[in-house]
Amino acid sequence: MNDIKLKLEPGHVSDTDWMARFGLETIFWNITSACNFRCGVCFSDSGVPAAGELTTGEALEAIRNAAAAGVTDVVISGGEPFARPDLLDLLVSMKELGVTARIATNGTLLDHVLLERLRRETSVKAFQVSLDTLDREVYCDIHGAPATMLEVALDALRAMRELGFHTTVSSRVVPRTLPTLCAILDRALEERWATVTLHLPLHTQRVADAWPQDEDLIVRLEPVFNHFLTLRKHWVIETTIPWARYHPVIRGLSKRIRVAHAGCGACRSRLAIHADGTVTPCICLSDSAAHIGNVRRDDLGAILRTHPLADIYRRPAAHGICADCGNVAHCGAGCRTAAFVLTGRIDGLDGSCPVRQRRQKRGTVAHAEP
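The text that follows walks through the structure, step by step, so that each part is easy to find. (Residues numbered from 1 in each chain as written. Predicted model: local features only at pLDDT ≥ 70, side-chain atom pairs only at ≥ 80, totals over all residues. Heavy atoms only, no water.)

A separate point is the overall build of the protein. Helices and strands together make up the secondary structure of the protein, namely 14 helices and 14 strands. Taking 2.2 N^0.38 as the reference for a compact globule, 370 residues should give roughly 21 Å; the C-alpha atoms of the protein span a radius of gyration of 20 Å, in line with that estimate. If one aligns the C-alpha atoms of the protein with their principal axes, the spans along those axes are about 60 × 50 × 35 Å. Counting only residues that meet the buried cut, the protein has 56% of its 370 residues in that class. Sequence-distant contacts in the protein: of pairs separated by 6 or more residues, those separated by 24 or more amount to 72%. The distance from the centre of the 42 positive side-chain charges to the centre of the 42 negative ones in the protein is 6 Å. (Helix = DSSP H or I, 4+ residues; strand = E, 2+ residues; numbered from the N terminus. Rg over C-alpha atoms; globule rule 2.2 N^0.38 Å. Buried < 20%, exposed > 50% of the residue type's maximum accessible area, 1.4 Å probe, protein only. Contact = heavy atoms within 4.5 Å. Lys, Arg positive; Asp, Glu negative; His and termini not counted. Charge placed at Lys NZ, Arg CZ, Asp CG, Glu CD.)

For the rest of this paragraph, the subject is the packing of aromatic side chains. The tally for this structure, following the rule as stated, stands at two aromatic pairs. Plain terms: the ring middles of Phe 37 and Tyr 139 are 6.3 Å apart, the flat faces sit at 90° to each other, and that makes the pair edge-to-face. Residue Phe 37 is found in the loop between strand E2 (26-30) and strand E3 (41-42), and its partner Tyr 139 is found in helix H4 (residues 136-143); the two are separated by 102 residues along the sequence. By the burial criterion, Phe 37 is buried, and Tyr 139 matches it. Centre to centre, the rings of Phe 127 and Phe 165 are 5.0 Å apart; their planes meet at 80°, and the pair counts as edge-to-face. Placement of Phe 127 in strand E6 (residues 124-130) and of Phe 165 in the loop between helix H5 (149-162) and strand E7 (166-172) is noted, with a sequence separation of 38 residues between them. Residue classification places Phe 127 among the buried positions, given a relative accessible area of 1%. Arg 119 extends its terminal NZ or CZ atom over the ring of Phe 165, reaching a point 4.0 Å from the ring centre. (Phe/Tyr/Trp six-rings, centres within 6.5 Å; stacked < 30°, edge-to-face > 60°. Lys NZ or Arg CZ within 6 Å of the ring centre and 35° of its normal.)

Turning our attention to helix H1 (residues 56-68). With 13 residues, H1 extends 18 Å between its outermost C-alpha atoms, agreeing within 8% with the 18 Å of an ideal straight helix rising 1.5 Å per residue. Looking at the buried positions of H1, the neighbouring elements they touch are E2, helix H2 (87-96) and helix H10 (300-306). Immediately downstream of H1, the backbone of Gly 70 shows phi near 110°, a positive value. (Expected span 1.5 Å × (residues − 1).)

Attention now moves to the pattern of salt bridges. A full pass over the atoms with the stated rule returns 22 salt bridges. Asp 45 is the salt-bridge partner of Arg 206, the closest N and O atoms lying 2.8 Å from each other. Of this pair, Arg 206 sits in strand E9 (residues 206-207) while Asp 45 is found in the loop between E3 and H1, placing the two residues 161 residues apart along the sequence. With a relative accessible area of 15%, Arg 206 lands in the buried category. Members of the salt-bridge network, linked through shared partners, are Asp 155, Arg 158, Arg 187 and Glu 191. (Salt bridge = Lys/Arg side-chain N within 4 Å of Asp/Glu carboxyl O.)

Time to look at the sheet that holds strand E12 (residues 270-273). Think of a sheet as strands paired side by side through backbone hydrogen bonds, with each pair either parallel or antiparallel. Taken in spatial order, the 12 strands make up an open sheet running E11-E10-E1-E8-E7-E6-E5-E4-E2-E12-E13-E14, and their pairing is mixed. A strand with exactly one partner marks an edge of an open sheet, and here the two such strands are strand E11 (259-261) and strand E14 (293-294). Contacting E2, strand E4 (73-77), strand E5 (100-105) and E6, H2 crosses the sheet at an angle of about 170° to E4. (Pairing = 2+ DSSP bridges. Axes fitted to C-alpha atoms, helices over the stretch in contact; angles between N-to-C directions.)

Along the chain, the position of Thr 204 falls in the loop between strand E8 (195-200) and E9. Contacts of Thr 204, omitting those with residues within four sequence positions, involve Phe 43, Cys 284, Leu 285, Thr 337 and Val 341.

For the structure on display, the rule yields zero disulfides. Left without a disulfide partner, Cys 282 is nearest to the cysteine sulfur of Cys 284, which lies 4.3 Å away. Relative accessible area serves as the criterion here: at 9%, Cys 282 is assigned to the buried category. For the unlinked cysteine Cys 325, the closest cysteine sulfur is that of Cys 331, found at 5.9 Å. By relative accessible area, which is 11% here, Cys 325 ends up buried. (Disulfide = S-S within 2.5 Å.)

The following block contains the structure:
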């Protein structure tokens, strides 16, 4: 995912040499494709359950195998995770194995009773609630859901806060949501949401009304960043965009606030599991070209260590990707999912990279930038 996290309150922040890390720590898991929303932008094309979704027994076995491979944290998404009837049982199993969970949800299938059970019986530590806008009409159109669901999601966020869960709101950056993002930041301050995450959509499934994949959304977001800095609480900005540190807007921000670069852990410290058990490097990329296994038959640790595609993610220059750029050791040759969208190849070039874009304009070699 290409995310920019605007963190209002102190908490966890990752600013390590992510290219140097190797060892399975985290699983991103689209646990079902069922969803009560029909969002115009959706990297999993969710709505109804996928064919061949893991049974409860298979999902429990996958959890045990993930823990045995070293996984300590699972990020659960969908679809809508709470559309899966056995989700609570799976979360209880994770707790028994010492695995923590974070859940990305639209928030509308949650109530205070269920949240209390999650607090008592599971190791869920955080929620990320999809809230692209506070405008009721736009919310309805963007999410493909009744406008009344906006208040349901806001009520769920309040209950999460009351029960002590870390709360993040996530907003997809598309033309209709961009003008409303400052209002979300204001509400975040008022409601004490810890983080507002800005998703820069990757065009792998539904992308209705999104900007082109190589559009410079960071430039478009500059007024939102400036508004964030006016809030009386603004702690840190964290990015998962591999090349973010080289963007001039981000460089400028780093002189005004701490900017952390978590980078992309795909095939370095994390793998993705899809609803039917398929394993890919990135949760946003489900194309058959990215299939590197299935939890029904494959060991996750072995996939990470030995699959040829995993090696492309870890050593892109050795495979000829951005080998002429001095930044490749730090940025990992950009986003492989964006590269796939733009070129049809996982080992293609990420044309959204600002260094590469400047290089193309100048017709020069992309030397390392500080």
